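# Residue-level structure breakdown
Residue-level listing of the chains:
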Amino acid sequence: MSVFTAHTVDTAPTASRRTIEGVRSRLGWLPTGVGLLAESPQLLSGFLTASAGFEQTDLAPLEREVVVFAVATVNECHICVALHTGTLTRLGATTELITALRAGTALPEPRLEALRRFTLAVLEHRGAVPDDQLDDFLAAGYQPRHALDVVLGVGAYTMSTFANRLTRAPLDPPLAAHAWAPAA
């Protein structure tokens, strides 16, 4: 039995109502995970603010998705992988890229693979990325600011992946076509 409530606009704490209404309006539906996060207006607002900031970084949309996928697959967030598979599809990503990101394997494009490896290093070393791994990231054409942008993405999506797992958020029907489970 879950102790968490999947709120609607009508049942959410007052401080969350405007935020979840905005999500529902933007997506056309309210993801159950967002309804669950609404229990903590501060967490919901913090995640959405951090992810909006990440969207404003110098990383291209496809690059941001590589960061999100690294966090989502390492943290085994089935909702994030499904949702962002849809995002990659809308961005016109190749099937080969999507498959590699979902599997957590090397990416076909060297620059994106350098970004994926760097993001994994940030996660693995809790930010204390060894110099040689930072050098590899920079040698792929990224700038020091991009390394910090990755940290922002890791922080934002760690919040959502952890919260989705804690609340045991289910996969909503609009995401079913992109269902994902971690490799055994």
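Because the structure is predicted, anything quoted here is derived from the model rather than measured. (Residues numbered from 1 in each chain as written. Predicted model: local features only at pLDDT ≥ 70, side-chain atom pairs only at ≥ 80, totals over all residues. Heavy atoms only, no water.)

## Describing the side chain of Thr158
When you line up the elements, Thr158 lands in helix 9 (residues 144-167). With residues near it in sequence (within four places) discarded, Thr158 still touches Val71, Asn75 and Leu123. (Helix = DSSP H or I, 4+ residues; strand = E, 2+ residues; numbered from the N terminus. Contact = heavy atoms within 4.5 Å.)

## What about the pattern of salt bridges?
The tally for this structure, following the rule as stated, stands at eight salt bridges. We note a salt bridge from Arg64 to Glu55, for which the minimum N-O separation is 3.1 Å. Of the residues examined, Arg64 reaches a relative accessible area of 8% and is grouped as buried. With a shortest N-O distance of 3.7 Å, Glu113 and Arg117 are connected by a salt bridge. Of the two residues, Glu113 and Arg117 are both situated in helix 7 (residues 110-124); the distance of four residues between them amounts to about one turn of the helix. Linked by salt bridges that have partners in common, Asp58, Arg145 and Asp149 make up one network. (Salt bridge = Lys/Arg side-chain N within 4 Å of Asp/Glu carboxyl O. Buried < 20%, exposed > 50% of the residue type's maximum accessible area, 1.4 Å probe, protein only.)

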